[in-house]
Amino acid sequence: PNHAEGFLIVLPAVLGAWILHFCFNAMIGLSAFAVEDVSAFTWIYQKLAFIFGGLLIPLDFYPQWLQVIAKALPFASAIYGPARLFVTPSLGMFINVMSLQLIWIVVLSFTLTVVYRSGIKQLTVNGG
């Protein structure tokens, strides 16, 4: 980054991105309660993160209507937001990225809790 504060301001965003990725990976792991092979879910998650996280094409190059959708998704909060914050640090962008990350972390944590409790109820252990 052009400014030294880019290194400091991006650290909380990277931590939030790591937590978001953990939540998605835990959700994929919990899907093993219902299906045997979760590799398809991992593949789908990777492709969605690749496209809507801004890895394929920066989100700024998307049409305006798709930018609005993509920037509201958790993939942009986990990949595009911290990367953009690192390159062009600003307080407004930091607040935007961190608030979106916090919202998605709360939503995904609640969803993880519900899926875990539902999976435990239908779990059948075979063998001895």
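Look a little higher up for the structure.
Here is a short report on the structure shown in this document. (Residues numbered from 1 in each chain as written. Predicted model: local features only at pLDDT ≥ 70, side-chain atom pairs only at ≥ 80, totals over all residues. Heavy atoms only, no water.)

1. Notes on the layout of surface pockets
Heads up, the rule is: Any residue with an atom within 4 Å of a point lines the site, the site being either a cavity, points on a 1 Å grid over the protein atoms alone where a 1.4 Å probe fits but cannot get out, or a pocket, an open set with protein on both sides within 12 Å along at least 5 of 7 lines. Grid points are joined across faces, edges and corners, and a volume is the space filled by probe spheres set on the points. Helix and strand assignments come from DSSP, with helices taken as H or I runs of at least 4 residues and strands as E runs of at least 2, each series counted from the N terminus. In this classification, the charged set is Asp, Glu, Lys and Arg, the nonpolar set is Ala, Val, Leu, Ile, Met, Phe, Trp, Tyr, Cys and Pro, and all remaining amino acids, among them Gly, are polar.
Approximately 160 Å³ is the volume attributed to the largest pocket. For the largest pocket, the full set of lining residues is Lys 71, Ala 76, Ser 77, Tyr 80, Gly 81, Arg 84, Met 93, Asn 96, Val 97 and Leu 100. Among the elements of the structure, helix 4 (74-87) and helix 5 (91-122) are those that each provide at least two residues to the lining of the largest pocket. Looking at the lining of the largest pocket residue by residue, the class counts come to five nonpolar, three polar and two charged.

2. Regarding helix 3 (residues 64-72)
Basically, it comes down to this: Each residue's exposure class comes from its accessible area (1.4 Å probe, protein chains only) as a fraction of the maximum for that residue type: buried when under 20%, exposed when over 50%, partly exposed otherwise. Think of it as the arc spanned by the lines of direction from the helix axis to the C-beta atoms. We call two residues contacting when some pair of their heavy atoms lies within 4.5 Å.
The set of residues buried in helix 3 consists of Leu 66, Gln 67 and Ala 70. Taken end-on, helix 3 shows its buried residues confined to a sector of 105°, consistent with a single buried face. In this structure, helix 3 carries Gln 64, Trp 65 and Val 68 as exposed residues pointing more than 90 degrees from its buried face. On the buried face of helix 3, the contacting elements are helix 2 (39-52) and helix 4.

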